[in-house]
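# A look at the structure
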Amino acid sequence: MRSELYIDGKWVKSLKGGVCEVINPATEEVIQTIAAATAEDVDIAVRAARRAFDQDGWPKLSGGQRAKYLRAIADGIRARQAEIARLEVIDNGKPLPEADWDIADAAGCFDFYAGLAEQLDNNPEEVISLADDRFVSKAVKEPIGVAGAIIPWNYPLLMAAWKVAPALAAGCTIVLKPAELTSLTALELAAIADEAGLPPGVLNILTGSGSIAGQAIIDHKGVDKLAFTGSGPVGSKIMAAAARDIKRVSLELGGKSPFVVFEDADIDAAVEWIMFGIFWNQGQVCSATSRVLVHQDIYERLLARLVEETGKIRIGNGLDDGVLLGPLVSKRQYEQVVAAIEGARKAGATIACGGTRPEGFDKGYYLRPTVLTDVPLDSEAWVEEIFGPVVCIRPFESEAEAIELANDSRFGLAAAVMSKDDSRAERVAAAFRAGIVWINCSQPTFTEAPWGGYKESGIGRELGRWGLENYLETKQITKYVSDKPWGWYIK
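Bear in mind that the values here come from a model prediction, so they are computed numbers and not experimental data.

This next bit is on the overall build of the chain. Looking only at helices and strands, the chain features 15 helices and 22 strands. Relative to the globule expectation of 23 Å for 491 residues, the C-alpha radius of gyration of the chain, 24 Å, shows essentially globular dimensions. Here the C-alpha coordinates of the chain stretch approximately 85 × 55 × 40 Å along the principal axes. Split into buried and exposed, the 491 residues of the chain put 55% on the buried side. Contacts in the chain between residues far apart in sequence, at least 24 positions, make up 73% of those at least 6 positions apart. Here the chain displays about 20800 Å² of accessible surface, and carbon together with sulfur accounts for 52% of that area. Where the 52 positive side-chain charges of the chain centre and where its 68 negative ones centre are 6 Å apart.

Take a look at the structure:
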């Protein structure tokens, strides 16, 4: 396992020698110590990225040339997929099949953006039609410059890929700070990029705390663009800090996503998707459909099946066969989720199942998956993101009521609807105020499709061509082509 900072193509210790511990959430054991970057380390990394962009020619390479590096990184991830997936499990806690899927997706992300990099060569400029034939004009896309990226702990390598792949494809250089809790696979990404021959300074990865290393990236005047995935309060601070230098910003923030189930839905299918929408990755998913609205005609039957099936979920160490729910990522996260459940109970909610540590688990941050009913609409459990395996469920009477309840949130990341009536499902999907909408499913995520939210769930879009555009500026170039002098001042 790598433990040092990766700056300017070299593995280096933090200038002040600081380290932080990596804890396996399944055992609470320290499994590694990694470097804790300082503001001085960040400055060196940003200067390296600046040089690679301004002087060494990374943005001057063709898209096809950059694509070769991206595909080499994808191949490097696949060659070590099993190893990296196991590392993700002991770092994050998620079950191995989920981690394996994440690592495969990360490799696919690099391949996808390699293809888009090549397309940049095919469409280098757009000719603009002008009303005055004395001029010709065109619009060209250019990389923004040095990108500073800060990623969360719930999908460590995949979130790194979502930032690094489009940035490199666009011709940007990047300084990446992974989450302090889950940095190990991001460091392996640096090793893979190094083996792929990525030029020095193009990718820099610094581990450490958000308050020190992350803040230094945010504040550095050599950074042209900030890309952040994480909580709303931190996103708000990043946006405010970026305003000082008018940095470009893309933010993928929290959610409290609704899932509306109509009376014609198949109950077993609905229960499966409800569970997938909230218990995948221990519910530590920004888009988790944690507010479930079920038509009153099937509410009691669906609730009974949901409680029954939730009780069957196998909990344990993510490396054990058959485990579908691992530990939460840290002691702090565990305590926050437990407190949220207790707060819901005090507010009047009923704990239909779960809400406690499972029997036989004296070590590790394990929590039984939880279903809450009778949750008051003004309670924190209904309004705030819990970020754990906790779902709130309530009945509704009419389509209009379901839409009103679904949209009654300051968040707008995702939403889902389930119905056999296609026209109704499409109508409700159109009514949702959310950036991602699922019909008859919850949580499928595709590299080709845009990802991002409305309202307080963020700004900008990741993935697809929209993710590439996050790292591109548009330049207008207009040329005077008439043989006649302009003649405004000189007659």
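Next, the rest of the story.
A surface patch of nonpolar side chains, about 720 Å² in accessible area, is lined by Y480, W486, W488, Y489 and I490. Mapped onto the elements, I490 comes out in the segment after strand 22 (472-480).

Time to look at the side chain of K256. Position of K256 among the secondary structure elements: in the loop between strand 11 (248-252) and strand 12 (258-261). An unpaired buried charge is present at K256: no salt bridge exists, and E385, the closest side chain of opposite charge, is 8.1 Å distant. A polar contact of 2.8 Å, which involves the side chain of K256, links it to the backbone oxygen of A381.

Between helix 2 (residues 63-79) and helix 4 (residues 96-122), the shortest axis-to-axis distance is 8 Å and the interhelical angle comes to 170°. Our classification of the angle between helix 2 and helix 4 gives roughly antiparallel. Tallied by class, residues from the contact of helix 2 with helix 4 come to 13 nonpolar, 4 polar and 6 charged.

With domains assigned, the chain is organised as domain 1 (5-253 + 457-477) and domain 2 (258-439). If you average the C-alpha positions of domain 1 and of domain 2, the two centres end up 31 Å apart. Tallying the contact residues gives 24 residues for domain 1 and 29 residues for domain 2. Summed over both sides, the interface of domain 1 with domain 2 buries roughly 2300 Å², with 58% coming from carbon and sulfur. Area buried by domain 1 at its contact with domain 2 is led by E28, W153 and S457, which between them contribute 24% of it. At the junction of domain 1 with domain 2, the criterion picks out 0 salt bridges. If you look at where domain 1 meets domain 2, you find 10 residue pairs in polar contact (both at pLDDT 80 or more). Residue assignment for the side of domain 1 that touches domain 2 shows that the elements contributing at least two residues are helix 3 (81-92) and helix 4. In terms of residue count, helix 3 provides more of the side of domain 1 that touches domain 2 than any other element does, 4 residues in total. When grouped by side-chain class, the residues that make up the side of domain 1 that touches domain 2 number 12 nonpolar, 6 polar and 6 charged.

Calculation rules
Residues numbered from 1 in each chain as written. Predicted model: local features only at pLDDT ≥ 70, side-chain atom pairs only at ≥ 80, totals over all residues. Heavy atoms only, no water. Helix = DSSP H or I, 4+ residues; strand = E, 2+ residues; numbered from the N terminus. Rg over C-alpha atoms; globule rule 2.2 N^0.38 Å. Buried < 20%, exposed > 50% of the residue type's maximum accessible area, 1.4 Å probe, protein only. Contact = heavy atoms within 4.5 Å. Areas by Shrake-Rupley, 256 points an atom, 1.4 Å probe, with all protein chains shown as cover. Lys, Arg positive; Asp, Glu negative; His and termini not counted. Charge placed at Lys NZ, Arg CZ, Asp CG, Glu CD. Patch = residues over 30% accessible without salt bridge, like charges linked within 9 Å, V, L, I, M, F, W, Y side chains within 5 Å. Salt bridge = Lys/Arg side-chain N within 4 Å of Asp/Glu carboxyl O. Polar contact = N/O pair within 3.5 Å; in protein donor to acceptor, adjacent residues only side chain to side chain. Axes fitted to C-alpha atoms, helices over the stretch in contact; angles between N-to-C directions. Parallel < 35°, antiparallel > 145°, perpendicular 65-115°, else oblique. Nonpolar A, V, L, I, M, F, W, Y, C, P; charged D, E, K, R; others polar. Domains from an automatic or database assignment. Buried area = accessible area lost by both parts, 1.4 Å probe.

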